[in-house]
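Observations on the three-dimensional arrangement
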Amino acid sequence: MKDLIQIEGVKKIYQSKVGPIHALGPIDLNIGEGEFVSIVGPSGCGKSTLLLLVGGLLEYESGKIHINGKLVNKPQTDIGIVFQTPVLVDWRDVLGNVLLQIEMRGLKKEAYLEKAKNLLRSVGLAEFEKRYPFELSGGMQQRAAFCRALIHDPPLVLMDEPLGALDAITREQLRVDLEQLWLVTKKTVIFVTHSIPESVQLSDRVVVFTPRPGQIAEVIEIDLPRPRTIAVRESSAFQQYVHQLTSIFMNFGILRDTVISTDQKSVVGEE
Ligand SMILES: Nc1ncnc2c1ncn2[C@@H]1O[C@H](COP(=O)(O)OP(=O)(O)OP(=O)(O)O)[C@@H](O)[C@H]1O
Ligand SMILES: [Mg+2]
């Protein structure tokens with residue numbers, strides 16, 4: 001598999017009122033074309049920072065990021081981004097929201113109309129294209145946001161906890177939909193999540209970050225058949241991956257079985 005993204009020795013230090021905050025790195029990571037890679041790690045370890053760096057939306061202190069052999073030194077236009085909240089504009093219907101991406105890029109809306117409808121159909125929103133965001137559930141809104149991120153056919157999609165704000169059952173369904181969408185579109189995806197089972201269900205590889213400053217603690221290849229049906233999710237191999245990832249977090253002291261006192265909490269780095 002050809003690499004789409006090369007991250008070499010990248011480090012980010014934010015300047016803040018309380019002084020410099022070393023948020024991330026140095027990290028080295030290559031991501032292949034069409035690969036689905038999840039980033040999991042403790043809160044504040046620099047996951048969102050990494051996505052912003054890859055998207056060219058933040059400057060970095062040292063190292064280099066290349067996408068398709070080109071140095072990232074300005075905001076990237078050939079990417080799709082999905083955040084935790086759908087960020088749809090309320091005065092446009094669903095189809096209008098998806099096509100907004102096209103209009104903002106100065107492309108011809110008419111040329112993308114059919115594609116927008118097909119994408120909406122593929123996530124079960126065919127009947128809702130003329131509805132407004134306030135008429136949709138949170139899960140439906142997020143599905144529309146997936147379509148908006150994919151309409152201009154970017155090779156790379158950055159997703160920052162896109163399922164994090166959803167209730168458990170909707171989230172479960174959207175994981176399945178997202179895998180399906182990925183299997184059809186074959187985009188390269190960098191997916192940030194706090195959920196270990198979610199990372200196993202969706203990814204080709206799971207990258208585990210250490211507490212801040214985030215560095216790569218482990219990279220785990222998920223060798224499970226796709227689509228990751230209920231049978232796959234209930235398999236012992238799946239559980240084994242969840243267990244392996246959980247153990248890494250327990251070793252960091254981020255997850256533990258015993259109840260701890262408030263004093264100890266500050267020691268394990270809750271911000
Ligand atoms: N603009 C900023 N100025 C100063 N510090 C920042 C800024 N943005 C983020 N940070 C700090 O950098 C660190 C990494 O932040 P980041 O948002 O990347 O973490 P994260 O892993 O995405 O966390 P979470 O899981 O809670 O979303 C945090 O300690 C955060 O407080
Ligand atoms: Mg974040």
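Residues numbered from 1 in each chain as written. Chains lettered and ligands numbered in written order. Predicted model: local features only at pLDDT ≥ 70, side-chain atom pairs only at ≥ 80, totals over all residues. Heavy atoms only, no water.

**So, the sheet that holds strand S2 (residues 19-32)**
Stated formally: Only strands that DSSP links by at least two bridges are regarded as paired with each other. Under the scheme used here, helices are H or I runs from DSSP no shorter than 4 residues and strands are E runs no shorter than 2 residues, and both carry numbers assigned from the N terminus. Note on definitions: a residue-residue contact is assigned when non-hydrogen atoms from the two residues lie within 4.5 Å. Note on geometry: axes are C-alpha line fits, over the in-contact stretch for helices, and angles between N-to-C directions span 0 to 180 degrees.
Strand order in this open sheet of 4 strands is S2-S1-S4-S5, and the pairing throughout is antiparallel. This sheet does not close on itself; its edge strands, each paired only once, are S2 and strand S5 (70-71). Pairing geometry for strand S4 (residues 62-67) and S5, over 2 bridges, is antiparallel. Within the sheet, the bridge partner assigned to His 66 lies in S5 and is Leu 71. Lying on the sheet, helix H1 (residues 47-54) is in contact with strand S1 (3-16), S2 and S4; it crosses S1 at an angle near 120°.

**A short note on the side chain of Arg 228**
Using the following cut-off: Distance and chemistry together define a polar contact, namely a pair of N or O atoms within 3.5 Å, with one atom able to donate a hydrogen and the other to accept it when in protein, and with adjacent residues in sequence counting only for side-chain atoms on both sides.
Relative to the helices and strands, Arg 228 is located in the loop between strand S10 (216-221) and helix H7 (230-233). Within the local environment of Arg 228, its side chain forms a polar contact with the backbone oxygen of Val 200, the two atoms lying 2.9 Å apart. A polar contact is formed between the side chain of Arg 228 and the backbone oxygen of Gln 201, at a distance of 3.3 Å. The residues touching Arg 228, leaving out its near neighbours within four places in the chain, are Glu 179, Val 200, Gln 201, Leu 202, Ser 203, Ile 222 and Arg 233.

**Regarding the pairing of S1**
Across a regular strand the side chains alternate sides, sitting on one face of the sheet and then on the other. Pairing geometry for S1 and S2, over 10 bridges, is antiparallel. Paired with Asp 3 across the bridge in S2 is Gly 32. Here S1 folds back onto S2, and the loop between the two strands holds 2 residues. The sheet contact formed by S1 and S4 spans 5 bridges and is antiparallel. Counted as the bridge partner of Glu 8 is Lys 64 from S4.

**A look at the site of ligand 1**
This is how it is decided: Working definition: residue near molecule or strand if any one of its non-hydrogen atoms lies within 4 Å of it. Working definition of accessibility: Shrake-Rupley area with a 1.4 Å probe, residue cover restricted to the visible protein chains. Any residue outside Ala, Val, Leu, Ile, Met, Phe, Trp, Tyr, Cys, Pro, Asp, Glu, Lys and Arg is labelled polar, Gly included; the first ten of those are nonpolar and the last four are charged.
Ligand 1 sits among 15 residues. The nearest are Ser 43, Gly 44, Lys 47, Ser 48 and Thr 49. Protein contact buries 68% of the 640 Å² of open area that ligand 1 shows by itself. Counting residues per element, the ones that place at least two in the shell around ligand 1 are S2 and H1. Ranked by residues supplied to the shell around ligand 1, first place goes to H1 with 3 residues. Classifying every residue of the shell around ligand 1 by side-chain character gives 5 nonpolar, 6 polar and 4 charged.

**As for the packing of aromatic side chains**
The following threshold applies: Classification of ring pairs uses Phe, Tyr and Trp, with its six-membered ring standing for Trp, and accepts pairs whose centres are within 6.5 Å; under 30 degrees between planes counts as stacked, over 60 as edge-to-face, and the remaining range as tilted. Relative accessibility decides the category of a residue: with a 1.4 Å probe and only protein chains considered, values under 20% of the type maximum give buried, values over 50% give exposed, and everything between is partly exposed. The criterion is that NZ of a Lys, or CZ of an Arg, lies within 6 Å of the ring centre and within 35 degrees of the ring normal, and then a charge sits over that ring.
Under the definition given, this model contains 4 aromatic pairs. Ring geometry for Phe 249 against Phe 252: centres 5.8 Å apart, planes inclined by 85°, an arrangement best described as edge-to-face. In this pair, Phe 249 and Phe 252 both sit in helix H8 (residues 236-252), 3 residues apart, roughly one turn of the helix. Since its relative accessible area comes to 6%, Phe 249 is described here as buried. Here Phe 252 falls in the partly exposed class, since its relative accessible area comes to 24%. Ring-pair connections join several aromatic residues into one group, and the members of that group are Phe 36, Trp 182 and Phe 191. Seen from the ring of Trp 182, Lys 186 lies directly overhead, with NZ or CZ sitting 4.2 Å from the centre.

**A few points about the sheet that holds S10**
On the basis of which strands lie adjacent, the open sheet formed by 6 strands has the order S6-S7-S8-S3-S9-S10 and mixed pairing. Edge positions in the open sheet fall to strand S6 (79-82) and S10, since each of these has one partner strand only. The average undirected angle you get between the axes of adjacent strands in this sheet is 15°. With 5 bridges joining them, strand S7 (residues 156-160) and strand S8 (residues 188-192) adopt parallel strand pairing. For Leu 158, the partnering residue across the bridge sits in S8 and is Ile 190.

**A few points about the domain arrangement of the chain**
Basically, it comes down to this: Domain start and stop positions are those given by an automatic or database domain assignment. The term buried area refers to how much accessible surface (probe radius 1.4 Å) is lost by two components on association, counted for both of them together. When a carboxyl oxygen of Asp or Glu is within 4 Å of a side-chain nitrogen of Lys or Arg, the pair counts as a salt bridge.
What the domain assignment reports for the chain is domain 1 (3-78 + 154-267) and domain 2 (79-153). Facing the 25 residues of domain 1 at the interface are 19 residues of domain 2. Between domain 1 and domain 2, the buried area comes to about 1800 Å², and carbon and sulfur atoms account for 66% of it. Summed over the shared surface of domain 1 and domain 2, the result is 2 salt bridges. Secondary structure elements with two or more residues in the side of domain 1 that touches domain 2: S7 and helix H5 (168-185). It is H5 that contributes the most residues to the side of domain 1 that touches domain 2, 6 residues altogether. Residue composition of the side of domain 1 that touches domain 2, grouped by class: 14 nonpolar, 6 polar and 5 charged.

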